[in-house]
Amino acid sequence: MFNPFRKQSRVRDQVVEQIPRLRRYARALTGNTVAAEDLLQESLAHALERLGQWQPDTDLRAWLFTVMHNLHISEHRRSGRQPELYPLESLAEPLLSVADAEQDQRLAELERALQQLTLEQREVLLLVTLEGMPYRTVAQVLNIAEGTVMSRLHRAREQLRSGLAREPKPGRMLRRVK
Amino acid sequence: MKTQNQPVTEHDLHSYVDNQLGEQRRREVEQWLSTHPVDAEQVRDWQQQVVDIQQLYQPLALPLAAPAGRRQLAAGWRAAAAVLLMVATASAGWLARDLQLQPVSVVQQQLTAPAQYAHQMYASDPGRPVELGANQVVDLQRWVSSRMQRRIVAPSLQAQQFSLLGGRLLPSTNRMAVQFMYQDDAGERVTLYIRRGEWQARTQLPPQQQQSLTTLSWTQGEMGYALTGQIGVTRLQQLAELVQQEPSLSTALTVAVLAQR
């Protein structure tokens, strides 16, 4: 039977599929589970409202991440930094059932170090490492040049190294690609 | 030695870590890293960061908190979003109909994720990908079996042109796990991660993707298996069938046909 809503519901199913990733990104970005759910819900609402703007057969995931990014950015600008309503919380315990205390500790330190990166650096690092996005797609989602993606990625990674290292770590400056 | 090398740049090093290099360039960078220990260490640190970040943040099918509703949303769209979130939550934990069901998150957390983590740690380790080599396979199996309190063999994947390189034991929360590593003629590596767990039922997960890695994982009784590699789902499924056919590794599972999208 012909169902005029079938195409629509297929797209909605595809959006639903992305929810776990979007939630993860929201959590990693904001450092707080409640803030993450708020950001996720708002992003979904915006996405549904603007679904007509998404061109079928283009990268839906990238589009959804762009929506979330834009929302978070404007929120971030409005309130200066992370609003005090959402305190930073340590992720490791609630998320992981790892019985290894040392591992827990290490990951908690990592989370702290990540939340100390600038938002720009953290976004790039997360999209690359969590989502495995090609640099070109990251540039598109964040609306920056690919060169900017690379320099933020480099700074993020080196900040983490020095933030987490017990001793200072050497890193050579190499020729950059223009 | 004649090479086509252009000088290795910072961009190359990041691309190497993020698996965004073509095959040729990747080999060139690896070659270069083998003679530049400072940069090799930098790259290793970055790779470890990737692994740790992925372990810290796994996809969250289930919400960890209720939204506080601190944002102003147009009422109609908020309701629509809430519906989507409920749909996502309801379908989050459950899988194929024919197998007795088990929450995905437990298997994902205790089997699939550590298996991928271990693959990333060791599959491209130039120094010591395995602890005991294939030439010591009898010793390896005896050691593994005794530590895991269970008869474990490294299944043969020869029918798919994969040879055993060796294996290692890994701690895994309160249980030991074993990782067997195999390699084919093209140098592609896959790992088979085996762990006992508190799984009550038979479960088979759809392929889990992390960047270029795919993992197939399944449980049977108290044994869990996860096969990881960059060779694509189809080839992995063929390998999974070989693992499941290994006579000494429990009774064979019926391989469910995974829906192709």
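Scoring rules and cut-offs
Residues numbered from 1 in each chain as written. Chains lettered and ligands numbered in written order. Predicted model: local features only at pLDDT ≥ 70, side-chain atom pairs only at ≥ 80, totals over all residues. Heavy atoms only, no water. Helix = DSSP H or I, 4+ residues; strand = E, 2+ residues; numbered from the N terminus. Buried < 20%, exposed > 50% of the residue type's maximum accessible area, 1.4 Å probe, protein only. Areas by Shrake-Rupley, 256 points an atom, 1.4 Å probe, with all protein chains shown as cover. Core = buried A, V, L, I, M, F, W, Y, C linked by side-chain atoms within 4.5 Å. Domains from an automatic or database assignment. Contact = heavy atoms within 4.5 Å. Phe/Tyr/Trp six-rings, centres within 6.5 Å; stacked < 30°, edge-to-face > 60°. Salt bridge = Lys/Arg side-chain N within 4 Å of Asp/Glu carboxyl O. pLDDT = per-residue confidence, 0-100. Pairing = 2+ DSSP bridges. Expected span 1.5 Å × (residues − 1). Axes fitted to C-alpha atoms, helices over the stretch in contact; angles between N-to-C directions. Parallel < 35°, antiparallel > 145°, perpendicular 65-115°, else oblique. Left-handed = near helix turned anticlockwise from the far one by under 90°.

Trainee: Please explain the overall build of chain B as it appears in this structure.
Mentor: The helix and strand inventory of chain B stands at seven helices and eight strands. The buried share of chain B, taken over its 261 residues, is 49%. Total accessible area on chain B is roughly 12,600 Å²; 51% of this is exposed by carbon and sulfur atoms.

Trainee: What's the story with the nonpolar core in this structure? I'm lost.
Mentor: If you look at soluble globular proteins, the nonpolar side chains tend to sit buried side by side. In this structure, Leu114(A) and Ile53(B) are the most contacted members of the largest nonpolar core, which totals 56 residues. Each of two domains, domain 1 (1–89) and domain 2 (97–168) of chain A, supplies a minimum of three residues to this core. Counting 26 residues, the second largest nonpolar core, distinct from the first, contains Met148(B), Trp218(B), Tyr225(B) and Leu242(B).

Trainee: I would appreciate a short explanation of the environment of Ala134(B) in the present structure.
Mentor: Residue and element names in this part refer to chain B. With respect to the secondary-structure elements, Ala134 resides in the loop between strand E1 (132–133) and helix H6 (137–148). Its relative accessible area of 28% is what places Ala134 among the partly exposed residues. Along the chain, Ala134 and Met181 lie 47 residues apart, while their C-alpha atoms are 9.3 Å from each other. Once residues lying within four places of it in the same chain are set aside, the contact partners of Ala134 are Leu164, Leu165 and Gly166.

Trainee: Looking at this model, I keep getting lost on the packing of aromatic side chains. Mind explaining?
Mentor: The geometry of an aromatic ring pair is captured by the separation of the ring centres together with the interplanar angle, meaning the angle of the planes. Residue and element names in this part refer to chain A. Here the structure, examined in full by the defined rule, presents two aromatic pairs over all chains. Look at Tyr25 and Phe65: their rings are 5.1 Å apart centre to centre, the planes differ by 55 degrees, and that puts the pair in the tilted class. With Tyr25 in helix H1 (residues 6–30) and Phe65 in helix H3 (residues 60–78), the pair connects residues that are 40 residues apart, well separated along the chain. Each member of the pair, Tyr25 as well as Phe65, is classed as buried.

Trainee: Whenever I open this one, the pattern of salt bridges confuses me. Can you help?
Mentor: Side chains that carry opposite charge are capable of pairing whenever their charged atoms lie near each other. Inspection of the entire model under this criterion finds 20 salt bridges over all chains. Glu131(A) is the partner of Arg21(A) in a salt bridge, and the nearest nitrogen-oxygen pair spans 2.7 Å. A residue pair is termed long-range when its members are at least 10 positions apart, and Arg21(A) in helix H1 and Glu131(A) in the loop between helix H6 (119–129) and helix H7 (135–142) qualify at 110 residues. When the shortest N-O distance is used, the salt bridge between Arg26(B) and Glu23(B) registers 3.2 Å. You can see Arg26(B) and its partner Glu23(B) sitting in helix H2 (residues 23–33), three residues apart, about one turn around the helix. The exposure class of Glu23(B) is partly exposed, given its relative accessible area of 38%.

Trainee: I keep staring at the confidence of the model for chain B and nothing clicks. Help me out?
Mentor: A low pLDDT score tells you not to read the predicted coordinates there in detail. Residue and element names in this part refer to chain B. Mean pLDDT over chain B stands at 77; residues scoring 70 or higher make up 74%. Across chain B, element-level confidence peaks in helix H1 (residues 10–17) with a mean pLDDT of 96 and bottoms out in helix H4 (residues 75–92) with 65. Low confidence marks residues 92–103, where pLDDT is under 50. Its contacts with residues over four positions away, or in another chain, come to 27 contacts. A low-confidence stretch, residues 250–261 stays under pLDDT 50, and its non-local contacts, those more than four residues away or across chains, total 22 contacts. Interface scoring of the predicted complex returns ipTM 0.83; its pTM is 0.57.

Trainee: I would appreciate a short explanation of the pairing of strand E8 (residues 223–229) of chain B in the present structure.
Mentor: All names here are of chain B. Across the seven residues that make up E8, a large majority, seven, are buried. Side-chain alternation along E8 places Met223, Tyr225, Leu227 and Gly229 on one buried face and Gly224, Ala226 and Thr228 on a second face that is also buried. Summarising the sheet, strand E4 (residues 189–196) and E8 pair through seven bridges and their orientation is antiparallel. Residue pairing across strands places Thr191 opposite Thr228, the latter belonging to E8. Relative to E8, strand E7 (residues 213–220) runs antiparallel, the two being bridged by seven bridges. If you follow Ser217 over to E8, its bridge partner there is Ala226.

Trainee: Whenever I open this one, the confidence of the model for chain A confuses me. Can you help?
Mentor: Chain-level pLDDT for chain A is 80 on average; 75% of the residues reach the 70-or-more range. Ignoring residues within four places in sequence, the model shows residues 90–99 of chain A, a span with pLDDT below 50, making 23 contacts including any to other chains.

Trainee: I'm lost on helix H7 (residues 233–245) of chain B in this one. Help?
Mentor: Counting along an α-helix, one turn takes 3.6 residues, and residues three or four places apart therefore face a common direction. All names here are of chain B. For H7, which comprises 13 residues, the first-to-last C-alpha distance of 18 Å matches the rise-based estimate of 18 Å (1.5 Å per residue) to within 8%. Within H7 the residues assigned to the buried category are Leu236, Leu239, Ala240, Leu242, Val243 and Gln244. Packing partners of the buried residues in H7 comprise E4, E7 and E8.

Trainee: Help me out: how do you make sense of the packing of H6(A) against H7(A) in this one?
Mentor: What describes two packed helices is the angle between their axes and the distance between those same axes. All names here are of chain A. Taken N-terminus to C-terminus, the directions of H6 and H7 make an angle of 135 degrees; their axes are 10 Å apart at the nearest point. Considering the angle they form, H6 stands oblique to H7. By crossing handedness, the relation of H6 to H7 is classed as right-handed. Here Glu123, Val124, Leu127 and Val128 of H6 come into contact with H7, specifically with Tyr135, Val138, Val141 and Leu142.

Trainee: What is the right way to read unusual backbone geometry from this model?
Mentor: As a rule of thumb, non-glycine residues mostly have phi less than zero, and peptide bonds are mostly trans rather than cis. For Asp57(A), which is not glycine, the phi dihedral falls at a positive 70 degrees. Secondary-structure assignment places Asp57(A) in the loop between helix H2 (33–49) and H3. In the Ramachandran plot, Gln161(B) falls in the positive-phi region, its phi being about 65 degrees despite a non-glycine side chain. The topology assignment puts Gln161(B) in the loop between H6 and strand E2 (163–172).

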